[in-house]
Amino acid sequence: MAALARQKQETFAQSLARGMNAGEAGRAAGYKAIHDCGALSKRAAIVKRVEEISRHIAWGGSRELSGLIDELMHIAMAARKLGSAAALVAAKSAVVEAAKLKRLLPADEDGAPSAPIVDEILSDEEWNRRYGPAAP
């Protein structure tokens with residue numbers, strides 16, 4: 001959904017998505033009669049736009065990768081506990097994606113890269129030996 005046609009309503013929806021209550025969002029948008037903002041916040045177009053903005057903030061609004069890397073590692077650990085072949089493939093995929101993202105992080109303060117660069121590519125058998133259910 002594109003931005004709302006009326007700028008005040010768009011500002012109102014953005015303020016609601018960022019956690020303001022209807023009165024605060026109304027003030028931020030420039031509405032004089034903030035007592036009407038409760039009803040405005042329940043309009044279908046506003047509700048839909050707030051949901052869209054909230055999803056954007058949650059997934060696309062931040063360029064911070066560390067939370068995403070941590071989440072991928074949690075997914076990998078949970079998948080590994082399942083012990084099935086499909087779960088191991090999912091765990092491997094999550095670890096690989098986390099490693100790729102980690103390489104995009106800036107270098108640490110000492111100048112070293114945040115993630116070590118792996119020179120070897122593991123076969124599926126080697127990966128299962130190191131990281132599979134029977135791994136130490």
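Quick note: structure is the one above.
Heads up: these notes are all about the structure in this document. As the structure is a prediction and not an experimental result, all values here were calculated from the model.

This part is about the overall build of the chain. Assigned secondary structure in the chain consists of seven helices and zero strands. Counting helices and strands in the order they occur from the N terminus, the chain gives α-α-α-α-α-α-α. When the 136 residues of the chain are sorted by exposure, 26% land in the buried category. In the chain, the proportion of contacts linking residues at least 24 apart, taken out of those at least 6 apart, comes to 50%. Surface accessibility of the chain: about 9700 Å² in total, with carbon and sulfur atoms responsible for 57%.

Looking now at the packing of aromatic side chains. The tally for this structure, following the rule as stated, stands at one aromatic pair. Both rings, one in Phe12 and one in Tyr31, keep their centres 6.1 Å apart while their planes meet at 90°; by these two values the pair is edge-to-face. With Phe12 in helix α1 (residues 7–17) and Tyr31 in the loop between α2 (22–29) and α3 (37–40), this pair connects stretches of sequence that are 19 residues apart. The exposure class assigned to Phe12 is buried, which follows from its relative accessible area of 0%.

We now examine helix α5 (residues 66–82). Taking 1.5 Å per residue, 17 residues should reach 24 Å; α5 reaches 25 Å between its end C-alpha atoms and fits that length. For α5, the set of buried residues is Ile69, Leu72, Ala76 and Ala79. What you see down the axis of α5 is that its buried residues fit within an arc of 90°, all on one side. Exposed residues on α5 whose side chains face more than 90 degrees from its buried face are His74 and Lys81. Lining the buried residues of α5 we find α6 (85–103). Two residues or fewer past α5, Gly83 is found with a positive phi of approximately 75°.

The next subject is the pattern of salt bridges. For the structure on display, the rule yields three salt bridges. With a closest N to O distance of 2.2 Å, Glu52 and Arg49 form a salt bridge. One end of the pair is Glu52 and the other is Arg49, both in helix α4 (residues 44–60) and three residues apart, which spans about a single turn. A relative accessible area of 18% places Glu52 in the buried class. Arg49 gets classed as buried once you look at its relative accessible area, which sits at 12%.

What follows is about the side chain of Gln9. Summarising the element assignment, Gln9 is placed in helix α1. Non-local contacts of Gln9, meaning those with residues more than four positions away in its chain, are made with Leu4, Tyr31, Leu40, Arg43 and Ile46.

Next up on the list: the nonpolar core. Across soluble globular proteins, nonpolar side chains have a tendency to be buried as a group. Counting residues in hydrophobic clusters, the biggest one holds 13 residues, and the most contacted among them are Phe12, Ala13, Leu16, Ile46 and Val50. Sorting the residues of this core by element identifies α1, α2, α3 and α4 as the ones contributing at least two each. Examining the composition of this core, we find that four residues originate from one element, α1, more than from any other. Those residues in contact with Ala13, other than ones at most four positions away along the chain, are Leu4, Arg49, Val50 and Ile53. One finds Ala76, Ala87, Leu88 and Trp127 within the second-largest nonpolar core, a separate group that totals twelve residues.

Cut-offs used in this document
- Residues numbered from 1 in each chain as written.
- Predicted model: local features only at pLDDT ≥ 70, side-chain atom pairs only at ≥ 80, totals over all residues.
- Heavy atoms only, no water.
- Helix = DSSP H or I, 4+ residues; strand = E, 2+ residues; numbered from the N terminus.
- Buried < 20%, exposed > 50% of the residue type's maximum accessible area, 1.4 Å probe, protein only.
- Contact = heavy atoms within 4.5 Å.
- Areas by Shrake-Rupley, 256 points an atom, 1.4 Å probe, with all protein chains shown as cover.
- Phe/Tyr/Trp six-rings, centres within 6.5 Å; stacked < 30°, edge-to-face > 60°.
- Expected span 1.5 Å × (residues − 1).
- Arc of directions from axis to C-beta.
- Salt bridge = Lys/Arg side-chain N within 4 Å of Asp/Glu carboxyl O.
- Core = buried A, V, L, I, M, F, W, Y, C linked by side-chain atoms within 4.5 Å.

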